[in-house]
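An overview of the molecular structure
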Amino acid sequence: MEGSSSFAHIDAPGGSRAQRLARSCFAALEGAAAAIPSSLGCVILVFGVVAPQAIGSGVLAMMIGLAWIHLVTAGHSRPVGYSGRIFEATTLAAMIEQLVPQLAGWGVADGVGVRLAFVCAIGGGGGLVVALLFLLRAERLTPYIPTPVFAGFCNSIALALIVSQSRSLWQLASGTTTQVVAVLTTVIVGFGTAYAVRRWLPGRPGAAVGLVAGLAAGLAWTQAGQPLTTVGGGDWSVPLPFTLADFAALAAPGVKRAPLVFLLVGNSAILGVMIFINTAMAAQTLTQFDGRRPARGPGGLVSGIALASCGAAGATTISGSILTSLAVARTASVNTASLLLLGATCALVYLTGVLAWMPLAAVIGVLLCEAWFLVDRPSLRLLVDWLRRRPLAHNAREDLALVAAVTALAAFVNMVVAAFGGLVLGLFLVALRSARHPVRHVWTGAQVSSNCARSGADLRVLAEHGAALRVFELEGDMFFAVGASLDRALQEQTEDAACVVLDWSRVRHIDSSVASTLAAFGSRAAVRGLFVVHAGAADLPQGNVAGELRRRLPGAHFAADLDYALELAENQLIRLRAGQRRGADDISTLFEAVTLFSGFDPAERALLEEAMTHKVYRAGEVILRAGEMSDELMLVVQGSASVVVSGQDGQPMRLAGVRRGAILGEVGFLDGSPRSATVLAQDDVLVAILTRAAYDRLAASTATLVPKLLANMAVSLA
């Protein structure tokens, strides 16, 4: 456990119903132990600035809010755990502090009721912003955030917990020696118990057990005459913050409403974006954790409205929490049962009044333990390797830089800046990687070839001159940053080439700069007589490769797939290297076109040629149709054709090409089986046809011809 990542799944679902229920109960205890301390810290941060005398009201609103939000959202397709957030609480407290000096200028008298009105208005408005962002499906942007960003979030939360709880510990431990000892021992008991349970009893509620142990230690010190500072809470008679808020003062005559509304809306938007990002990040982190993705539906909108009601009631800065979510997920699945139990646990904890006895030192110890286990171990190991100056791969260095940047931004600024910064930095690193390697592989015609069936003469030309054909396998979305490296690779790898194939099947998007680079390369290739074919370019969803290339490269050669592009390039190479004129597929005799007559003497060749009839198929016509019965053997004398089958979607799919010298229909000719594929003429095709009846007559009249013919057919099939 100690060496695992924050994303390591500990407990697999399964077991009996009772076992699943037990795990859900333990998960609820873990989630509550993570959510309640940070939520109470938020109340103290905000209400300590707004109205210290109303902290009890804030605690009540927070605990009711936690129960309500989990009740409402537990059944969503991608439920998460919620808690008060330290970052948002700090931001909200700063907003109120900045608002107070401006109240007099707006004609608003400062007071506790007015400050509470601001808290409720900004909190409620922030929730509505969350609902709007979910309605616009802004969470679709989160999959584009690189995985190291989530590791950075975990590290930043751990760092924030360590810093904030260390400060709290320093304040608690200031006093007499006995008081310091009491605080430190309680912290150690809480931390040590939670750590031991988490380390050696995975699946048990370590944080909850740690709080219970810390509570026992605090009670023991109280009995010894050294009472400790407690969290407080448990009184249901205190009013909720919104009942104490003076909303009427904000709408009184003489109040300057325009700047007031502008600032309230702006602050609500800032807080709402922060809550939305945290909630979306919690969902995305859990998806990284368990692979469960949200389904489309009103869940996000309902969550936003529920958060708005919590904020308007005075439950400050509740949002989806990675810490709470992972605390639940470590023990059981984050599902309806575990979150309903989590909400009920929060209400029950307040109802029992146990918070009035819970030492703050125990809470600090448990939160420090949570921070210890929340640290992302792989990124920590990368940091250690970097500090020791061990060699790191490019991707490892980039991931470490991204994790460090996100951790720093989240810890010292806020999650909004961290998410945006992580996204921008991640895209920048992707750009650097793509700029370095826009060409995945470069092959020659001696290494790869098409599936086209050819004559022996053509194959000999390709074997001798195949190195003059280049195949560039491209990858990644391409934009202006890759233009220079792509152009350099094309120039360096095509100096001695005659034909070039550019494979776009791994590329989804190109920009105008890359298209201009390719247009310039095409112009230079035309001057040199270099034949260029673009393979696999297609306008995939959210892609533009085919459209952009056709717009910028009029007259360029395109092929649907790499095999067809290779065939076209090989055809061009044969024409160039064989010294043939255009249309030189013409031949004088059938013997010169095919290898089927290998080993025949002149008399045998003449007999076979006389037994065959000739037929011309125009471009686009069907030569053979899949499923049809036939006993004819065909030899391609001139032209080219495509072998196609029906794909899973019913659309034709090209398997191979055939050229002069290729044999068609030999299997059906031999055993009478239906045609296995359709053959379409690419251009005008001349075929020579040997029927089964003609073959039988030859076999009866010339016994030496048949074995040679069958042997050559076997070689062709092989």
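Each chain has its residues counted from 1, following the order in which its sequence is written. Given that this is a predicted model, residues contribute local features only at a pLDDT of at least 70 and side-chain atom pairs are listed and counted only at 80 or more, while totals for whole chains, interfaces and linings are drawn from all residues. With hydrogens and water set aside, each side-chain value is computed from the structure's full complement of heavy atoms.

1. Section: the overall build of the protein
When you go through the protein residue by residue, the secondary structure sums to 28 helices and 15 strands. Burial classes: relative accessible area under 20% of the type maximum marks a residue as buried, over 50% as exposed, and values in between as partly exposed (1.4 Å probe, protein chains only). Looking at the 718 residues of the protein, the share that counts as buried comes to 50%. Contacts are residue-level and defined by heavy atoms, with any inter-residue pair within 4.5 Å sufficient. Partitioning the contacts of the protein with sequence separation of at least 6, the portion at a separation of at least 24 is 83%. For the protein, the exposed area adds up to about 31700 Å²; of that, 62% sits on carbon and sulfur atoms. For helices the rule is a DSSP run of H or I covering at least 4 residues; for strands it is a run of E covering at least 2, with both sets numbered from the N terminus onward. The accessible surface values rely on the Shrake-Rupley method and a 1.4 Å probe; as for residues, cover is taken only from the protein chains in view.

2. Description of a nonpolar patch on the surface
Residues enter patches when their relative accessible area tops 30% and they take part in no salt bridge; the joining distance is 9 Å for like charges and 5 Å for the nonpolar side chains Val, Leu, Ile, Met, Phe, Trp and Tyr. One side-chain nitrogen of Lys or Arg within 4 Å of one carboxyl oxygen of Asp or Glu is enough to make a salt bridge. Taken together, Leu380, Leu383, Val384, Trp386 and Leu387 make up a surface patch of nonpolar side chains, about 460 Å² in accessible area. Residue placement: Leu380 occurs in helix α16 (residues 377-387). Look at Leu380 and you get partly exposed, because its relative accessible area is 40%.

3. Quick look at the sheet that holds strand β11 (residues 641-646)
Ordered in space as β9-β14-β11-β12, the four strands form an open sheet in which the pairing is antiparallel. For this open sheet the edge positions go to β9 (622-624) and β12 (652-658), each flanked by a neighbour on one side alone. Strand-to-strand, the axes of this sheet are offset by a mean angle of 35 degrees, without reference to chain direction. DSSP bridges decide pairing: two strands pair if at least two such bridges lie between them. By the bridge criterion, six bridges tie β11 to β12 in an arrangement that is antiparallel. Each bridged residue has a counterpart across the sheet, and for Ala641 the counterpart in β12 is Val658. Only the contacting stretch of a helix is used when fitting its axis, a line to C-alpha atoms as for every element, and angles between N-to-C directions run 0 to 180 degrees.

4. Regarding the sheet that holds strand β15 (residues 685-691)
Taken in spatial order, the four strands make up an open sheet running β8-β15-β10-β13, and their pairing is antiparallel. Where the open sheet ends on each side, the last strands, each with one partner, are β8 (613-617) and β13 (663-664). Relative to β15, β8 runs antiparallel, the two being bridged by five bridges. The partner of His614 across the bridge, within β15, is Ala688.

5. Focus: the packing of helix α2 (residues 55-73) against helix α14 (residues 336-352)
Axis separation between α2 and α14 bottoms out at 7 Å; the angle between their running directions is 160 degrees. The orientation of α2 relative to α14 falls into the category roughly antiparallel. Regarding α2 and α14, the two cross each other, and that crossing is left-handed. On α14, the residues touching Gly56, Val59, Leu60, Met63, Leu66, Ala67, His70 and Leu71 of α2 are Leu339, Leu340, Leu342, Gly343, Cys346, Ala347 and Tyr350. Taken together, the residues of the contact of α2 with α14 break down into twelve nonpolar, three polar and no charged. The scheme is simple: roughly parallel for angles under 35 degrees, roughly antiparallel for over 145, roughly perpendicular for 65 to 115, oblique for anything else. Each crossing gets its hand from how the near helix is turned against the far one by less than a right angle, where anticlockwise is left-handed and clockwise is right-handed. In this classification, Asp, Glu, Lys and Arg are treated as charged, Ala, Val, Leu, Ile, Met, Phe, Trp, Tyr, Cys and Pro as nonpolar, and every other residue, Gly included, as polar.

6. Remarks on the packing of aromatic side chains
In this description, a pair of aromatic rings is defined by centroid distance and the angle of the planes. When the centres of two rings from Phe, Tyr and Trp lie within 6.5 Å, Trp using its six-membered ring, the rings pair. Their planes under 30 degrees apart give stacked, over 60 give edge-to-face, and anything left gives tilted. Applying the stated criterion to the full structure yields five aromatic pairs. Judged by centre distance (6.2 Å) and plane angle (10 degrees), the ring pair of Phe191 and Tyr195 falls under stacked. On the criterion of helical spacing, the pair formed by Phe191 and Tyr195 is a turn pair, its members being four residues apart in helix α7 (residues 177-200). For Tyr195, a relative accessible area of 18% puts it in the buried group. Here Tyr195 and Trp200 contribute two aromatic rings whose centre-to-centre distance is 6.3 Å and whose plane-to-plane angle is 85 degrees, an arrangement assigned as edge-to-face. According to the relative accessible area criterion, Trp200 is exposed, its value standing at 59%. The structure contains a cluster of three or more aromatic residues connected by ring pairs, namely Phe191, Tyr195, Trp200 and Phe373.

7. Considering the nonpolar core
To form a nonpolar core, buried Ala, Val, Leu, Ile, Met, Phe, Trp, Tyr and Cys residues must be joined to one another through side-chain atoms within 4.5 Å. Core analysis: the biggest nonpolar cluster contains 98 residues, and Ile36, Phe118, Ile122, Ile318 and Ile322 have the highest contact counts within it. At twelve residues, helix α1 (residues 17-50) tops the list of elements feeding residues into this core. In this view, Phe118 contacts Ile96, Leu99, Leu103, Leu250, Leu260 and Leu264; residues no more than four positions away in its chain are not counted. Grouped together as the second largest cluster of nonpolar side chains are 27 residues, Phe472, Val500, Val507 and Val545 included.

8. What about the packing of helix α21 (residues 512-528) against helix α22 (residues 545-552)?
Viewed as axis vectors pointing N to C, α21 and α22 meet at an angle of 45 degrees, and their least axial separation amounts to 10 Å. Comparing the axis directions of α21 and α22 gives the class oblique. Between α21 and α22 the crossing geometry is right-handed. Within the contact between the two elements, α21 uses Ser512, Ala515, Ser516, Leu518 and Ala519 and α22 uses Glu548, Leu549 and Arg552. Its residues placed into classes, the contact of α21 with α22 shows four nonpolar, two polar and two charged.

9. Comments concerning unusual backbone geometry
Negative phi is the rule for most residues except glycine; trans is the rule for most peptide bonds. Here Arg137, not a glycine, exhibits a phi torsion of approximately 60 degrees, which is positive. Classification of Arg137 as partly exposed rests on a relative accessible area of 27%. With phi around 60 degrees, Arg389 is a residue other than glycine that occupies positive phi space. Its place among the elements puts Arg389 in the loop between α16 and α17 (394-412). Judged by relative accessible area, Arg389 falls into the exposed class, the value being 79%.

10. Details of helix α27 (residues 692-701)
Residue pairs three or four apart in sequence face the same way in an α-helix, which turns once every 3.6 residues. Buried within α27 we find Ala694, Tyr695 and Leu698. Along the axis of α27, the buried residues cluster in a sector spanning 100 degrees; they form a single face. Facing away from the buried side of α27, by more than 90 degrees, are the exposed residues Arg697 and Ala700. The arc in question is the one traced by the directions running from the helix axis out to the C-beta atoms.

11. Observations regarding the pairing of strand β10 (residues 632-638)
Remark: a regular strand shows side chains that alternate across the two faces of the sheet. Burial of β10 is extensive: five of the seven residues sit out of reach of the surface. Alignment of β10 against β15, held across six bridges, turns out to be antiparallel. For Leu635, the partnering residue across the bridge sits in β15 and is Ala688. Relative to β13, β10 runs antiparallel, the two being bridged by two bridges. What sits directly across from Leu635, in β13, is Ile663.

12. Re α7
Across its 24 residues, α7 extends 33 Å between first and last C-alpha, which sits within 8% of the 34 Å expected from 1.5 Å per residue. By the burial criterion, the buried members of α7 are Ala182, Val183, Thr186, Val187, Gly190, Ala194, Tyr195, Val197 and Arg198. Multiplying 1.5 Å by the helix residue count minus one yields the expected span of that helix.

13. Some words on the pattern of salt bridges
Applying the stated criterion across every chain, the model contains 16 salt bridges. Its salt-bridge partner being Arg440, residue Glu473 comes within 3.0 Å of it at the nearest N-O pair. Of this pair, Glu473 sits in strand β4 (residues 469-474) while Arg440 sits in strand β3 (residues 439-444), and the two are 33 residues apart along the sequence. When the shortest N-O distance is used, the salt bridge between Glu567 and Arg654 registers 2.3 Å. Here Arg654 lies in strand β12 and Glu567 lies in helix α23 (residues 562-577), a separation of 87 residues in the sequence. For Glu567, a relative accessible area of 0% corresponds to the buried category. When its relative accessible area of 17% is taken as the criterion, Arg654 is described as buried. Within this structure, Arg440, Glu473, Glu475 and Arg506 form a network of salt bridges that share partners.

14. Observations concerning the confidence of the model for the protein
Note that predicted coordinates carrying low pLDDT should not be read in detail. Within the protein, residue pLDDT values average 82, and 88% of them lie at 70 or more. You can read pLDDT as the predictor saying how much it trusts each residue, on a scale of 0 to 100. Per-residue pLDDT, averaged within each element of the protein, yields its smallest value for helix α24 (residues 590-593) (49) and its largest for strand β5 (residues 499-503) (94). When the criterion is pLDDT under 50, residues 1-13 qualifies, and its contacts beyond four places in sequence or with other chains add up to 41 contacts.

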